[in-house]
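Descriptive analysis of the structure
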Amino acid sequence: MSDLLVRDRWYALIVAGPSGSGKSVVAEALAREMSLPLIDADDYHSREAVEQMKSGQPLSDAYRQNWAERIIGGMIAWRRRGESVIIACSCLRRRTRDRFRTYVNEARMVGGQVAIAWLDVKPEVLKQRLEAREAAHTHFFPASLLSSQLDAAEPPDTKAEPSIVRVEVGTEPPDGVADLVWQAMPQLHPFAMRS
Ligand SMILES: Nc1ncnc2c1ncn2[C@@H]1O[C@H](COP(=O)(O)OP(=O)(O)OP(=O)(O)O)[C@@H](O)[C@H]1O
Ligand SMILES: O=C(O)[C@H](O)[C@@H](O)[C@H](O)[C@H](O)CO
């Protein structure tokens, strides 16, 4: 039954926020709990862009736009297969978020919707997480780029921007944050059942 509902009413749920906010782990938890496919925007970077970030240079906005187009391509591939999808993507810029939303509208995806959850995490927590991740050599993104992330970030005004919520993250583990995200998205509840 849940499969039928999900196919009939397609959605993409984007977990957004700056590096270290927990997009990947929270999106993974959501995808697991909802039995939905996952897109991690990190997998859509060019090799050059990864090298650029590794060397301490932030992405340009022009690159971010092209990158978003590739992620949208991945999103639409799931749409064609009739599957809703969870996406971990920073979407730091309003323009990028608008592009995801307008694509779905312009493509006249009947019943389709893009919902975005922006993770609000204190800068000192972001710093600790990125430093720990760097020390563990588990990710290419250097902690030194955090200030450029915070400079580039356009945290949403939820009154002015459609289909977006801000989720304040405290000490909850990733599964707990995934629960907060889901609770903040009542418009999606009729279209999916959680396991
Ligand atoms: N709620 C949380 N509680 C504890 N640790 C967390 C939480 N969320 C994320 N982390 C840890 O913080 C680090 C960054 O998380 P994650 O990679 O998911 O962030 P991200 O926003 O996807 O970052 P990036 O944009 O750089 O890929 C990881 O080591 C992760 O395990
Ligand atoms: O600046 C951005 O728009 C991107 O999100 C980059 O920061 C990285 O993709 C990511 O956050 C590291 O994994």
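Look a little higher up for the structure.
Residues numbered from 1 in each chain as written. Chains lettered and ligands numbered in written order. Predicted model: local features only at pLDDT ≥ 70, side-chain atom pairs only at ≥ 80, totals over all residues. Heavy atoms only, no water.

**Quick look at helix α2 (residues 23-34)**
Taking 1.5 Å per residue as the helical rise, α2 with its 12 residues ought to reach 16 Å, and the 16 Å between its terminal C-alpha atoms agrees with that figure. For α2, the complete set of buried residues consists of Lys23, Val26, Ala27, Ala29, Leu30, Ala31, Glu33 and Met34. On the buried face of α2, the contacting elements are β1 (11-16), β2 (38-40), β3 (85-88), β4 (113-120) and α8 (174-183). Taken from the residues just after α2, serine 35 is the one with a positive phi, measuring 55 degrees. (Helix = DSSP H or I, 4+ residues; strand = E, 2+ residues; numbered from the N terminus. Expected span 1.5 Å × (residues − 1). Buried < 20%, exposed > 50% of the residue type's maximum accessible area, 1.4 Å probe, protein only. Contact = heavy atoms within 4.5 Å.)

**A word on the nonpolar core**
In terms of nonpolar packing, the biggest core is built from 64 residues, with Leu13, Met75, Ile87 and Phe100 touching the most fellow members. At seven residues, the largest contribution of residues to this core is made by helix α4 (residues 61-80). When sequence neighbours within four positions are dropped, the list of residues in contact with leucine 13 reads Leu30, Val85, Ile86, Ile87, Ala115, Val181, Trp182, Met185 and Leu188. (Core = buried A, V, L, I, M, F, W, Y, C linked by side-chain atoms within 4.5 Å.)

**Focus: the site of ligand 2**
Around ligand 2 there are 13 residues in total, and Asp42, His45, Arg64, Ser90 and Gln149 lie nearest to it. Within the contact set of ligand 2, an oxygen atom lies 2.6 Å away from a side-chain nitrogen or oxygen of serine 90. Side-chain polar atom of glutamine 149 to an oxygen atom of ligand 2: 2.7 Å apart, as the coordinates give it. A total of 330 Å² of accessible area belongs to ligand 2 in isolation, and the protein chains cover 96% of it. (Near = heavy atom within 4 Å. Polar contact = N/O pair within 3.5 Å; in protein donor to acceptor, adjacent residues only side chain to side chain. Areas by Shrake-Rupley, 256 points an atom, 1.4 Å probe, with all protein chains shown as cover.)

On their own, these measurements won't tell you what the molecule is for.
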